[in-house]
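Examining the three-dimensional arrangement
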Amino acid sequence: MKILRILLLPLVVGMLVLSGCSSTGTKDGMEGGAGSGMGSESGTSTSAAGDAGKWTGSPLDDPNSPLYEKVIYFDFDTAEIRPEYVDTLRAHAEYLVNTPDARLVIEGHCDERGSREYNIALGERRANSVKRFLEAEGVSPVQLDTVSYGEERPVNPGHNEAAWAQNRRAELVYQ
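Residues numbered from 1 in each chain as written. Predicted model: local features only at pLDDT ≥ 70, side-chain atom pairs only at ≥ 80, totals over all residues. Heavy atoms only, no water.

1. Considerations on the packing of aromatic side chains
Applicable threshold: Each aromatic pair joins two rings of Phe, Tyr and Trp (for Trp, the six-membered one) with centres within 6.5 Å, and gets the label stacked for planes under 30 degrees apart, edge-to-face for over 60, and tilted for any other angle. Only DSSP runs of H or I reaching four residues or more are called helices, and only runs of E reaching two or more are called strands; each is numbered from the N terminus. Here the term buried applies to any residue with accessible area under 20% of the maximum for its type, exposed to any over 50%, and partly exposed to those in between, with areas from a 1.4 Å probe on protein chains only.
Summed over all chains, the structure comprises 2 aromatic pairs. Their ring planes at 50° and their centres at 6.3 Å tell us that Tyr73 and Tyr85 sit as a pair that is tilted. On the criterion of sequence distance, the pair formed by Tyr73 in strand S1 (residues 71–73) and Tyr85 in the loop between S1 and helix H2 (86–98) is long-range, its members being 12 residues apart. Comparing Tyr73 with Tyr85 shows no difference in burial state: the two are buried. Look at Tyr95 and Tyr174: their rings are 5.6 Å apart centre to centre, the planes differ by 85°, and that puts the pair in the edge-to-face class. Highlighted residues: Tyr95 in helix H2 and Tyr174 in strand S4 (residues 169–174), separated in sequence by 79 residues. Assigned by exposure class, Tyr95 and Tyr174 land together as buried.

And the structure:
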């Protein structure tokens, strides 16, 4: 009997762990795509009692929220924020202002062209460009950190313009 309990315990624990897991979506590597979906809470959608489709989790994980987009793409060799990302960044700024405990790391990335040192510096300029924008919108500097990965963390390992366009980015990572 004792051996049976020892053998069944890991099975029961494993079933309990797996029953509590959920998938929250994948990173969309397309330029201007849905973003990374990396938030601190996993959201759920209710389907009972007339609330079908109403999001009940974190707004950071709601695919219908502008906060869901967490990747800002840049043109070649620039750290200038493109106009199509202004509304997204304003939504993140509003969220951060209204959620003073929230912390954000802005990761700067580049494509593979250019020296390692140049790309680290360009990634830093991109991250700082986003940080300055958010601070200008009222976000406390205490809530923001930046890091540059240069060309070291490509989302697309290809060696063409489509791949490079996906790798020229700043990612918003909530802590």
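2. Describing the sheet that holds strand S3 (residues 144–150)
Condition: Strand pairing requires that DSSP identify at least two bridges connecting the strands. Here an angle of 0 to 180 degrees is reported between the N-to-C directions of two axes, which are lines fitted to C-alpha atoms, with helices fitted over the stretch in contact.
Read across the open sheet, the 4 strands follow the order S1-S4-S2-S3; overall the sheet is mixed. Strands at the two margins of the open sheet, each flanked by one partner only, are S1 and S3. Neighbouring strand axes in the sheet, compared pairwise and without regard to direction, differ in orientation by 20° on average. In this structure, S1 lies alongside S4, joined through 3 bridges in antiparallel fashion.

3. With respect to the pattern of salt bridges
It is possible for side chains of opposite charge to pair when their charged atoms get near one another. Note the following rule: Salt bridge, as used here: a side-chain nitrogen of Lys or Arg that lies within 4 Å of a carboxyl oxygen of Asp or Glu.
Throughout the structure, instances matching the rule amount to 9 salt bridges. With a closest N to O distance of 3.6 Å, Glu137 and Arg90 form a salt bridge. Here Glu137 is found in the loop between helix H3 (116–136) and S3, whereas its partner Arg90 is found in helix H2, with 47 residues between them in sequence. Under the relative-accessibility criterion, Glu137 is labelled partly exposed at 33%. Taking the relative accessible area as the measure of exposure, Arg90 reaches 42% and is therefore partly exposed. A salt bridge links Glu152 to Arg116, with the nearest nitrogen and oxygen atoms 3.7 Å apart.

4. What to know about the pairing of S3
To be explicit about the condition: Here is how to tell: hold the view so the strands point away, follow the path from the first strand over the helix to the second, and if it runs clockwise the crossover is right-handed.
Taken together, the 6 bridges between strand S2 (residues 104–109) and S3 define a ladder with parallel strand orientation. Its bridge partner being in S3, Val105 is matched across the sheet by Asp145. Handedness of the S2-H3-S3 crossover: right-handed.

5. Focus on the confidence of the model for the protein
The test is simple: Confidence per residue, as judged by the predictor, is encoded in pLDDT with a range of 0 to 100. Any two residues whose heavy atoms approach within 4.5 Å are treated as being in contact.
Of all residues in the protein, 69% have pLDDT values of 70 or greater, and the mean over the chain is 79. Residue range residues 1–50 is modelled with pLDDT below 50. Its contacts to residues more than four positions away, or to other chains, number 63 contacts.

6. Re the packing of H2 against H3
To keep it simple, the criterion reads: Roughly parallel refers to an angle under 35 degrees, roughly antiparallel to one over 145, roughly perpendicular to one between 65 and 115, and oblique to any angle outside these ranges. Helix crossings fall into two classes, left-handed where the near helix is turned counterclockwise from the far one by less than a right angle and right-handed where it is turned clockwise. As a working rule, the residues Ala, Val, Leu, Ile, Met, Phe, Trp, Tyr, Cys and Pro are called nonpolar, Asp, Glu, Lys and Arg charged, and the rest polar, with Gly in that last group.
Put simply, H2 and H3 touch, their axes get as near as 9 Å, and they point 60° apart. It follows from the interaxial angle that H2 and H3 lie oblique. Taken as a pair, H2 and H3 cross one another with a handedness that is right-handed. Between H2 and H3, the contacting residues are Val86, Leu89, Arg90, His92, Ala93 and Leu96 on the first element and Val130, Phe133 and Leu134 on the second. For the contact of H2 with H3, the residue count by class is 7 nonpolar, 1 polar and 1 charged.

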